[in-house]
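Report on the structure
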Amino acid sequence: MQTKSELLMPAGNLRKLKMAVLYGADAVYLGTPDMSLRTKSEFSLEEVIEGVEFCHAHGRRAYLTLNLFSHNKDIPKLDEYIDTVRKVKPDGLIIADPGVFQYVRDRAPELPLHISTQANICSWLSVDFWKAQGAELVVLAREVSYTELVEIREKCPDIKLEAFIHGAMCMTYSGRCLLSNFMAERGANQGACANSCRWNYGLKLRLKDGTREEITITEDNADLFEFLLEEGCRPGELMPIEEDDRGSYILNSRDLCIMPKLDEYLKIGVDSLKVEGRGKSEYYAAIVARAYRMAIDDWYEDPEGWDPKPYMRELEAVGNRGYTLAFHEGRLTNYAHDYEHTAAIAQWEYAGVVTEVTDDAFLVEVKNKLEAGEVLEFVSPIARETVLLRAYDFERASDGERLDVVHGSTKTVIRLPFLLFDHEDIDELRARFPAFSVLRKERALTDEQWARIRLDKLTQGLEMKSTRNDKAYEKRRDALVAEIGEGGSERRFKTNRVGTEGCCGKGCNGCLIFWHDDQYAAAREVLLMRKQGEQLSRAEATTLKQTG
């Protein structure tokens, strides 16, 4: 019988670890700053031990990273690190450097060793090599296509395979980048990547006589110029752009998302499905874990009826640069890159996290600005159904003062009494939303950001269908460029509401408009027949409002 694929989530600190586990991760990977490729790791040794114990207490696994490329100065630390690992008792140790692998294998043969993606494993021959050296698992490079993955699985059935399914993509070969070193003196393979590929570069032209001008390029004059990059914070530092027959190397990749093809990975039995992002937020850890947990479980329950769409909607609630299947089909197209807009955006944002559940209320630490009339969506680590609450003011937990606005930067804790949830079973509500439950809220976006989202959806759809539509692509790309040129700052929500005005029509707890306005009478009747926690869809809300 095929073993169920493991969902492996990143853990950049102890809170992220706990939230990833509670929201569905089978395993997490974590490390300390000095010996893993994350100088921003926020774990102390005590927290690493606590994190591993937390995983084991919940029946989950924890892997430690030792995936730096060693210099001579690192070698004296290895014995102490091995002693530390023995105390921590992880379920595996992730290594990239062959010398470090041999050193640990000889001195701690009891430790299961995993080979990092930094080893750039792209073939069954390399997998076979590491198996012969004693590796228990290999992490395949992001550049491996699905066809290659199938062949590797067939030729290497006796070693565990791990593949990336979600997260940021590196514009170089799985992190072997010198751009960060050159631009910021920060070594990518020492865990200090400056993400220079994400910076804002402007194109400059230099004539052969040495003068620099802004010149419109045509077929008639294209051969007269040398092309140069100028990074926004380094005026005057001009870098030539060169291109070969494989294309140019500029610069901003969309984010990897294999969800539309996840069933193919599950079908061939990839042992571990890895999500990137130890530097991402705790909200990212929770929501991404939740989306893939539901997707994986549903595929094993009903492979034939599995559909990625509901899980993709969940992933759209997390900031991203647009999603791509990357190397899944073998070769990248221009759809995998965004040449106009590098920011990570989403239609939703982190509103808060439940810090405590008292006898009569949720205590919630606010993470982003809340204003009167906000609709807060409670996302459960236990149940699939979310719960919507419209709040017209906020009670500060420390002194009971009622506020119209709460800023996230103040770390304010608010009290949300169960009485506000007038259409929920309170006992069920308390059970479904324990401490560490996430709240999110809709985010108002600019016209530029909405244009980016429309372009993202088009390219994602074209990749999924393995088709091209250059005319549609150019139309949406040009629309985005036009909005960038406009530079408008006005923001709007997707749903029909602003502050305390308007109503999305889904039947939020506490919404004075939905539960009292006659135009929602038909919607109320339908919603009251639904099970606890089930709201109307956007389409239903629109139809029933018209009916009412």
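Residues numbered from 1 in each chain as written. Predicted model: local features only at pLDDT ≥ 70, side-chain atom pairs only at ≥ 80, totals over all residues. Heavy atoms only, no water.

Quick look at the overall build of the protein chain
Applied cut-off: Every helix listed is a DSSP run of H or I at least four residues long, and every strand listed is a run of E at least two residues long, numbered separately from the N terminus. By the convention used here, residues are in contact when the closest approach between their heavy atoms is within 4.5 Å. Residue-level accessible areas treat just the shown protein chains as cover; the underlying method is Shrake-Rupley with a 1.4 Å probe.
Each helix and strand in the protein chain was counted, giving 15 helices and 28 strands. Once local pairs closer than 6 in sequence are excluded, the contacts in the protein chain between residues at least 24 apart make up 69%. Entry remark: accessible area of the protein chain is about 26000 Å², with carbon and sulfur atoms responsible for 49%.

Considerations on the pairing of strand β7 (residues 160-167)
Put simply, the test is: The cut-offs for exposure are 20% and 50% of the maximum accessible area for each residue type, with area from a 1.4 Å probe on protein chains only; residues under the lower value are buried, those over the upper are exposed, and the others partly exposed. A strand pair is defined by DSSP finding two or more bridges across the two strands.
Taking burial as the measure, the eight residues of β7 include seven buried ones, the bulk of the element. Bridging between strand β6 (residues 137-139) and β7 involves three bridges; their strand directions are parallel. Across the sheet, the residue bridging to V139 is E162, located in β7. Here β7 runs beside strand β12 (residues 255-257); their pairing, made up of two bridges, is antiparallel. Looking across to β12, one finds that H166 is bridged to C257.

Observations concerning the pattern of salt bridges
For the record, the criterion: The term salt bridge refers to a pairing of a side-chain nitrogen on Lys or Arg with a carboxyl oxygen on Asp or Glu at a separation within 4 Å.
Evaluation of the coordinates by the stated rule reveals 41 salt bridges. Between R15 and E282 there is a salt bridge whose closest N-O contact spans 2.9 Å. Of the two residues, R15 is situated in helix α1 (residues 14-22) and E282 in helix α9 (residues 282-301); the sequence distance between them amounts to 267 residues. The closest approach of N and O atoms between K280 and E276, which form a salt bridge, is 3.4 Å. E276 gets classed as buried once you look at its relative accessible area, which sits at 12%. Connected through salt bridges with shared partners, the residues D360, D393, E395, R402 and R415 form a single ionic network.

Some thoughts on the sheet that holds strand β15 (residues 348-357)
Ordered in space as β19-β18-β24-β15-β16-β23-β20-β21, the eight strands form an open sheet in which the pairing is antiparallel. The outermost strands of the open sheet, each flanked by one partner alone, are β19 (387-391) and β21 (402-403).

Thoughts on the packing of aromatic side chains
Test applied: Pairing of aromatic rings covers Phe, Tyr and Trp, the last counted by its six-membered ring, and requires centre-to-centre distances within 6.5 Å; plane angles under 30 degrees mean stacked, over 60 mean edge-to-face, and any other angle means tilted. Placement of a positive charge over a ring is assigned whenever Lys NZ or Arg CZ falls within 6 Å of the ring centre and within 35 degrees of the normal to the ring plane.
This structure, assessed with the given rule, holds 15 aromatic pairs. Judged by centre distance (5.0 Å) and plane angle (85°), the ring pair of F362 and F418 falls under edge-to-face. Separated by 56 residues along the polypeptide, F362 in strand β16 (residues 361-366) and F418 in the loop between β23 (413-417) and α11 (426-432) bring together distant segments of the chain. For the residue pair F362 and F418, the accessibility class agrees, reading buried in each case. Ring pairing ties together the aromatic residues F362, F378, F418, F421 and F433, which thus form one cluster. Positioned over the ring face of Y103 is R107, at 3.6 Å from the centre of the ring. K274 extends its terminal NZ or CZ atom over the ring of Y29, reaching a point 4.4 Å from the ring centre.

A word on the packing of helix α3 (residues 78-88) against helix α4 (residues 98-107)
So the rule is basically this: Fitted lines through C-alpha atoms give the axes, limited to the stretch in contact for helices. The angle between two N-to-C directions lies from 0 to 180 degrees. In these notes the angle categories are as follows: under 35 degrees is roughly parallel, over 145 is roughly antiparallel, 65 to 115 is roughly perpendicular, and the rest is oblique. Put simply, a crossing is left-handed when the front helix is turned counterclockwise from the back one by less than a right angle, and right-handed when it is turned clockwise. Charged residues are taken to be Asp, Glu, Lys and Arg, nonpolar residues to be Ala, Val, Leu, Ile, Met, Phe, Trp, Tyr, Cys and Pro, and polar residues to be all remaining types, Gly included.
Here α3 crosses α4 at 55°, and the two axes come no closer than 11 Å. Here α3 is positioned oblique relative to α4, judged by the angle of their axes. Seen along the crossing, α3 lies across α4 with a hand that is right-handed. On α4, the residues touching L78, D79, I82 and R86 of α3 are V100, Y103, V104 and R107. Looking at the contact of α3 with α4 residue by residue, the classes come out as five nonpolar, no polar and three charged.

Some words on the side chain of D74
Under the convention used in this document: Any pair of N or O atoms that falls within 3.5 Å is considered a polar contact. Within protein, one atom must be able to donate a hydrogen and the other to accept it, and sequence-neighbouring residues count only if both atoms are side-chain atoms.
Relative to the helices and strands, D74 resides in the loop between β3 (61-66) and α3. In terms of polar contacts, D74 uses its side chain to reach the side chain of K73, at 3.4 Å.

Observations regarding the state of the cysteines
To keep it simple, the criterion reads: Disulfide: a pair of cysteine sulfur atoms within 2.5 Å of each other.
One pass over the full model with this rule turns up zero disulfides. No disulfide involves C503; its sulfur sits 3.9 Å from the nearest other cysteine sulfur, which is in C511. In this structure C503 comes out as buried when scored by relative accessible area, which is 6%.

As for the pairing of strand β13 (residues 272-275)
Every second residue of β13 is oriented toward a common face, with S272 and K274 on one face and L273 and V275 on the other, all of them buried. Bridge count between strand β1 (residues 6-10) and β13: three bridges; the pairing is parallel. The partner of L8 across the bridge, within β13, is K274. Bridge count between β7 and β13: four bridges; the pairing is parallel. Counted as the bridge partner of H166 is V275 from β13.

Examining the packing of α1 against helix α2 (residues 45-57)
Between two packed helices, the angle of one axis relative to the other and the distance separating the axes together describe the packing. Their axes nearest at 10 Å, the elements α1 and α2 cross at an angle of 10°. With respect to α2, the axis of α1 lies roughly parallel. Residue-level contacts link L14, L17, K18, V21 and L22 of α1 to E47, E50, G51, F54 and C55 of α2. A class-by-class count of the residues in the contact of α1 with α2 yields six nonpolar, one polar and three charged.

Focus: the environment of L111
When you line up the elements, L111 lands in the loop between α4 and β5 (113-115). Classification of L111 as buried rests on a relative accessible area of 11%.

Some remarks on the side chain of E276
Residue position: E276 is located in the loop between β13 and α9. Among the polar contacts listed, one links the side chain of E276 to the backbone nitrogen of A168, at a separation of 2.8 Å.

Observations concerning α9
What counts, and what does not: One less than the residue count of a helix, multiplied by 1.5 Å, gives the span that helix is expected to have.
If you check α9, its first and last C-alpha atoms are 28 Å apart, about what 20 residues at 1.5 Å a residue would give, namely 28 Å. With 16 of 20 residues buried, α9 lies mostly within the body of the structure.

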